[in-house]
Amino acid sequence: FAAMKIALSQLNYHVGNFTFNTARILEEIKRAETEQVDLLVFAELAICGYPPLDFLDYSHFIDRCRESIDCIAGHCTQLTVIVGGPAFNPDPKGKNLFNSAYVLAKGAIQQIVHKTLLPTYDVFDEYRWFESNREFNCIEVNNVRIALTVCEDLWNMDDDPLYTFWPMKELIRQKPELMINIAASPFSGRHAEDRKAILQKNVKEFKLPLLYVNQVGGQTDILFDGGSLVYNADGSLLQELNDFHEDYFSCTFDTAS
């Protein structure tokens, strides 16, 4: 595909502070526009902060999420943005919400990708609020097909996997040229090394470049350590963003070369 400039924005989001979160995201969009970025990527549930916990039970909270997403979409006229937020499940069966990645461009929501693997262990309790995705479609940005996943969706690669399902095995059938993963991945002693190992494993398995965007800051008793990563298709590490600090990085991919 033609060269595409992609930027990762690693921010500190505040749970329920829609004014702050939206303002920070819009600032980064302006920055990316000045650099002529084609695609700007934010983290999991960036709109509302992670973990929103029982705020997700309140319809006005979800309404505020959607208002923020619509506001941000209105500013996406020169580039495409991927940002995490909850989405309504239209099926009366199952949970009312998905944990989703919104693709914003041309002033509107273009696509929504839902998280498939919902962690319910350690500090995570996502199955309490979210429905698991059952439809698999790559997204397209500037005619580039991208396998977009949310956090845990890339973590089912251990010898003793927690889940029976592997989202990337579904997405790879559509011949994507790039993988993007948006995350809210907390800090713990060895987690950064485990994270690198599992992401690199995905790169080597599917032979695609991978851009992984985490967040920073503290929410409840959870710390997010950032450390967003960019891998080349051969498994080599192209860039690692700062730990525990907001950061930004842009790079150009051209798999035609």
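About the cut-offs
Residues numbered from 1 in each chain as written. Predicted model: local features only at pLDDT ≥ 70, side-chain atom pairs only at ≥ 80, totals over all residues. Heavy atoms only, no water. Helix = DSSP H or I, 4+ residues; strand = E, 2+ residues; numbered from the N terminus. Rg over C-alpha atoms; globule rule 2.2 N^0.38 Å. Contact = heavy atoms within 4.5 Å. Areas by Shrake-Rupley, 256 points an atom, 1.4 Å probe, with all protein chains shown as cover. Lys, Arg positive; Asp, Glu negative; His and termini not counted. Charge placed at Lys NZ, Arg CZ, Asp CG, Glu CD. Buried < 20%, exposed > 50% of the residue type's maximum accessible area, 1.4 Å probe, protein only. Pairing = 2+ DSSP bridges. Axes fitted to C-alpha atoms, helices over the stretch in contact; angles between N-to-C directions. Phe/Tyr/Trp six-rings, centres within 6.5 Å; stacked < 30°, edge-to-face > 60°. Lys NZ or Arg CZ within 6 Å of the ring centre and 35° of its normal. Expected span 1.5 Å × (residues − 1).

Each helix and strand counted, the chain has four helices and 14 strands in total. Whereas a compact globule of 257 residues would reach a radius of gyration of roughly 18 Å, the chain reaches 17 Å, a difference of no more than 12%. If you line up the chain on its principal axes, its C-alpha atoms span 50 × 45 × 35 Å. In the chain, the proportion of contacts linking residues at least 24 apart, taken out of those at least 6 apart, comes to 70%. As displayed, the chain offers around 11,400 Å² of accessible surface, 48% of which is attributable to carbon and sulfur atoms. Side-chain charges of the chain comprise 22 positive and 36 negative groups, with the mean position of each set lying 4 Å from the other.

Glancing now at the pairing of strand β14 (residues 247-253). Of all seven residues in β14, five are buried, a share of seventy percent or more. Pairing of strand β1 (residues 4-10) with β14 involves seven bridges; the strand directions are antiparallel. When the sheet's bridge partners are listed, Gln-10 is paired in β14 with Asp-247.

What follows covers the pairing of strand β5 (residues 108-114). For strand β4 (residues 97-105) and β5, the ladder comprises six bridges, and the chain directions are antiparallel. By the bridge assignment for β5, Ala-101 is matched with Val-113. The turn linking β4 back onto β5 is made up of two residues, and Lys-106 within it adopts a positive phi angle of 55°.

This paragraph deals with the sheet that holds strand β6 (residues 139-141). Read across the open sheet, the six strands follow the order β6-β7-β8-β9-β12-β13; overall the sheet is mixed. Looking at the sheet topology across the chains shown, the edges are occupied by β6 and β13 (237-240). This sheet shows a mean twist of 20° between the axes of neighbouring strands, independent of strand direction. One ladder, built from four bridges, connects strand β8 (residues 178-182) with strand β9 (residues 210-213); its direction is parallel. Residue pairing for β9: Ile-182 is matched across the bridge by Val-213. Contacting β8, β9, β12 (229-231) and β13, helix α4 (residues 191-206) crosses the sheet at an angle of about 25° to β12.

This part is about unusual backbone geometry. Following Tyr-50, the chain continues to Pro-51 via a peptide bond in cis, the omega torsion being 0°. Structurally, Pro-51 is set in the loop between β2 (39-41) and α2 (59-74). Residues other than glycine seldom take positive phi values, yet Leu-53 does so here, at roughly 50°. Within the secondary structure layout, Leu-53 lies in the loop between β2 and α2.

Turning our eyes to something else, we now look at the sheet that holds β14. As summarised here, the arrangement of the six strands in space is β5-β4-β3-β2-β1-β14, forming an open sheet in which the pairing is mixed. Strands at the two margins of the open sheet, each flanked by one partner only, are β5 and β14. If you compare each strand with its neighbour and ignore which way they point, the axes differ by 30° on average. Where β1 and β2 come together, three bridges link them in parallel fashion. Of the residues in β2, the one forming a bridge with Leu-8 is Val-41.

Moving on: the packing of aromatic side chains. One pass over the structure, following the stated rule, counts seven aromatic pairs. Centroid distance Tyr-50 to Phe-224: 6.0 Å. Interplanar angle 85°. Geometry classified as edge-to-face. Here Tyr-50 is found in the loop between β2 and α2, whereas its partner Phe-224 is found in strand β11 (residues 222-225), with 174 residues between them in sequence. Here the aromatic rings of Phe-55 and Phe-61 are separated by 5.2 Å at their centres, their planes lie at 10°, and the arrangement is stacked. A relative accessible area of 42% places Phe-55 in the partly exposed class. Classification of Phe-61 by relative accessible area gives buried; the value is 6%. Taken together, the aromatic side chains of Phe-18, Phe-55 and Phe-61 make up a single cluster linked through ring pairs. In this structure, Arg-31 is placed above the aromatic ring of Tyr-248, and the distance from its NZ or CZ to the ring centre is 3.9 Å. Above the ring of Tyr-127, the side-chain terminus of Lys-95 is found at 3.4 Å from the ring centroid.

Our next topic: α4. Over its 16 residues, α4 extends 23 Å from the first C-alpha to the last, a length consistent with the 22 Å expected when each residue adds 1.5 Å. Among the residues making up α4, those that are buried are His-191, Arg-195, Lys-196, Ile-198, Leu-199, Asn-202, Val-203 and Phe-206. Lys-207 sits one or two positions beyond α4 and adopts a positive phi of about 55°.

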